[in-house]
Amino acid sequence: TFVSSRCAPRRAGPLCAMEKPPPPVKTSSPPTTRPKPPKPGPNQLMPKGRNVAERMFSAGGISQMRLYDGDQARLVAAVARHLQALREIPDFLPYLHVDVDAVREGPSTVCDGLGVFATRDLKPHEIVTLYPATNEVSLRAARDDDCAPASVWRSETYTEPKPDYAMFNGSATWGSAALRLEADPSLPIQPGFLGHLINDACAPPSDADDIEHARRYLVKTTNETNCHAVPLPSGAVAIATSKEVRAGEELLMTYTFAFDGEFMAEMLKDPAKRKQMLTNAFATEMKVASVKMEQLTTESLKIHAKAEMLSRELLVDVADDN
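These notes cover the structure that comes with them. (Residues numbered from 1 in each chain as written. Predicted model: local features only at pLDDT ≥ 70, side-chain atom pairs only at ≥ 80, totals over all residues. Heavy atoms only, no water.)

## Some remarks on the pattern of salt bridges
As a reminder, the rule being used: Whenever Lys or Arg places a side-chain nitrogen within 4 Å of a carboxyl oxygen from Asp or Glu, that contact is recorded as a salt bridge. Every helix listed is a DSSP run of H or I at least four residues long, and every strand listed is a run of E at least two residues long, numbered separately from the N terminus. Note on classification: 1.4 Å probe, protein chains only; a residue is buried when its accessible area is under 20% of the maximum for its type, exposed when over 50%, partly exposed between these limits.
Enumeration over the complete set of coordinates arrives at 11 salt bridges. For Asp-121, the salt bridge is made with Arg-246, and the minimal N-O distance between the two is 3.6 Å. Placement of the pair is Asp-121 in the loop between strand S2 (114-118) and strand S3 (127-130) and Arg-246 in the loop between strand S9 (237-241) and helix H4 (261-268), with a sequence separation of 125 residues. A relative accessible area of 51% means that Arg-246 is categorised as exposed. The partner of Lys-162 in a salt bridge is Glu-160, and the shortest N-O contact between them spans 3.3 Å. Since its relative accessible area comes to 42%, Glu-160 is described here as partly exposed. Three or more residues are tied together by salt bridges with common partners; here these are Glu-136, Arg-154, Arg-180 and Glu-182.

## Brief notes about the packing of helix H2 (residues 71-88) against helix H7 (residues 305-318)
Definition in use: Comment: axis = line fitted to C-alpha atoms, over the contacting stretch for helices; angle = value between 0 and 180 degrees taken between N-to-C directions. By definition in this entry, angles of less than 35 degrees are roughly parallel, angles greater than 145 are roughly antiparallel, angles of 65 to 115 are roughly perpendicular, and the rest are oblique. Crossings are classed by handedness, with left-handed meaning an anticlockwise turn of the near helix from the far one by less than a right angle and right-handed meaning a clockwise turn. Contacts between residues were defined by any pair of non-hydrogen atoms, one from each residue, lying within 4.5 Å. For this classification, the nonpolar set comprises Ala, Val, Leu, Ile, Met, Phe, Trp, Tyr, Cys and Pro, the charged set comprises Asp, Glu, Lys and Arg, and every other residue, Gly included, is treated as polar.
Contact geometry for H2 and H7: axes closest at 8 Å, N-to-C directions at 115°. Viewed along their axes, H2 and H7 adopt a mutual orientation that is roughly perpendicular. Relative to H7, H2 is oriented so that their crossing is right-handed. Across the interface between the two elements, Ala-78, Val-79, Arg-81, His-82 and Leu-86 from H2 touch Leu-314, Leu-315 and Val-318 from H7. When the residues that make up the contact of H2 with H7 are grouped by side-chain class, the tally is 6 nonpolar, 1 polar and 1 charged.

## Structural notes on the packing of aromatic side chains
Rules: Side-chain rings of Phe, Tyr and Trp (the six-membered ring for Trp) are treated as a pair once their centres are within 6.5 Å; stacked means planes under 30 degrees apart, edge-to-face means over 60, and tilted covers the remaining angles. Only Lys NZ and Arg CZ are tested; either one counts as a charge over a ring when it is within 6 Å of the ring centre and within 35 degrees of the ring normal.
Considering all chains together, one arrives at 0 aromatic pairs under this definition. The residue whose ring lies beneath Arg-66 is Tyr-68, and the NZ or CZ to ring-centre distance is 5.1 Å.

## Side note on the environment of His-228
Convention followed: Whenever two N or O atoms come within 3.5 Å, that pair is a polar contact, provided that in protein one can donate a hydrogen and the other can accept it, and provided that, for residues adjacent in sequence, both atoms are side-chain atoms.
Examined against the element boundaries, His-228 turns out to sit in strand S8 (residues 227-231). Relative accessible area serves as the criterion here: at 1%, His-228 is assigned to the buried category. On a C-alpha basis, the gap between His-228 and Ile-239 in space is 5.7 Å, while along the polypeptide they are 11 residues apart. Sequence-distant contacts of His-228, that is, excluding residues within four places in its chain, are made with His-125, Ala-238, Ile-239, Ala-240, Thr-241, Ser-242, Met-253, Met-293, Leu-296, Thr-297 and Ser-300. A polar contact is formed between the side chain of His-228 and the backbone oxygen of Leu-296, at a distance of 3.4 Å. There is a polar contact of 2.8 Å between the side chain of His-228 and the side chain of Ser-300.

## Re the sheet that holds strand S4 (residues 136-140)
Applied cut-off: Only strands that DSSP links by at least two bridges are regarded as paired with each other.
Spatially, S5-S4-S7-S6 is the arrangement adopted by the 4 strands of the open sheet, whose pairing is antiparallel. Of all strands in the sheet, those with a lone pairing partner are strand S5 (151-154) and strand S6 (166-168), marking the two edges. In this sheet, neighbouring strand axes are inclined to one another by 15° on average, regardless of whether the strands run parallel or antiparallel. Where S4 lies against strand S7 (residues 178-182), 5 bridges are found, and the strand directions are antiparallel. Bridge pairing in S7 places Ser-138 opposite Arg-180. Against the sheet, H2 touches S4, S5 and S7, its axis set at about 150° to S4.

## A look at the side chain of Glu-182
Tracing the sequence through the fold places Glu-182 in strand S7. Accessibility expressed as a relative area gives 1% for Glu-182, which makes it buried. Of note is the side chain of Glu-182, whose polar atom sits 2.7 Å from the side chain of Asn-135. When near neighbours in sequence (up to four residues on either side) are disregarded, Glu-182 contacts Pro-132, Ala-133, Thr-134, Asn-135, Glu-136, Tyr-158, Glu-160, Pro-161, Lys-162, Pro-163, Tyr-165 and Ala-166.

## Concerning the environment of Met-65
Along the chain, the position of Met-65 falls in the loop between helix H1 (52-59) and H2. Placed 13 residues apart in sequence, Met-65 and Val-52 show a C-alpha to C-alpha distance of 9.6 Å.

## Regarding the nonpolar core
The condition that has to hold: Residue types Ala, Val, Leu, Ile, Met, Phe, Trp, Tyr and Cys, when buried and joined through side-chain atoms within 4.5 Å, form a set referred to as a nonpolar core.
One finds Val-137 and Trp-174 to be the most contacted residues of the largest nonpolar core, which totals 62 residues. Considering every element that reaches this core, the biggest residue donor is H2, with 7 residues. Those residues in contact with Trp-174, other than ones at most four positions away along the chain, are Met-56, Ile-62, Leu-75, Val-79, Leu-139, Asn-169, Leu-179, Leu-232, Pro-233, Ser-234, Gly-235 and Leu-315. Ala-208, Leu-218, Met-267 and Met-277 belong to the second largest nonpolar core, which has 10 residues in total.

## Quick notes on the pairing of S2
Across the 5 residues of S2, 4 count as buried, placing the element largely inside the fold. Where strand S1 (residues 103-107) and S2 come together, 5 bridges link them in antiparallel fashion. Along S2, the bridge assignment pairs Val-103 with Ala-118. What sits between the antiparallel neighbours S1 and S2 is a turn of 6 residues.

## Here we look at the packing of H1 against H2
Closest axis-to-axis distance for the H1/H2 pair is 9 Å, and the angle between their directions is 100°. Taken as axis vectors, H1 and H2 run roughly perpendicular relative to one another. On the side of H1, the interface is formed by Val-52, Ala-53, Arg-55 and Met-56, while H2 contributes Asp-71, Arg-74 and Leu-75. Residue classes in the contact of H1 with H2 are distributed as 4 nonpolar, no polar and 3 charged.

Everything listed here is a matter of coordinates, which is why it stays silent on function.
Here is the structure:
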């Protein structure tokens, strides 16, 4: 147990460790003209009658699709509309296998802030809530280019960034593209959207000089958490149980030290620290944690295949090429 002025940072994604948020650069409105398509080739010609989400799914994901001028902004707008529609019409949630009544918020047992607790006994891989995007949605398709502009949607209540309440969607659909959801913890709490209130089992490391603490954290957060993120192809991120959870037990989810940008920057710039982190027992623990998260996510997506397919349809419904 640890005590801090706030709960552990809520920055995570099961398939996207060591990622960093794109720069908050807001793009202009999508232009009405498109560049002339290149010569025919795989995913090169824009199919007529298909909106940007249909083209992305047809190509097998954003990394395989031909991105035309304005597509990145249209995808962000579509994800934002989709997530907003789910909040406005919560009757959709059961069809995405979300049991709104399975959890509630309350004072955390691991930090001074709020946490999320089971209201009944839960079985493994039950989807209990979604991660809200009530502050910002951003996407940078050119993930390997730090200078590439990000397309950003911001809510009407946006006042400032909330980096401690951000979540990446690491699904295969979005691949290495930086699709990032950010919640506003100051807004009223809405049942079904409590993902940003779920804490880690312990405080992630922040001191790059204490590699041993980072290793202990990795072991603890891997073994003592009981839920995990499930990235859906629509851009939504669901939270599912990793094991049996008893009624009244707090839900805990690993966020891993990789999402502390300052820690990673300090560690990576020192060859000796980097070598220490990647050798011996520490490297083994990192591999175990990574494999475990991927296995949990894969199994949850398999169990909730119908919900995954519906999420695709919902994104297509709200996507627009105008």
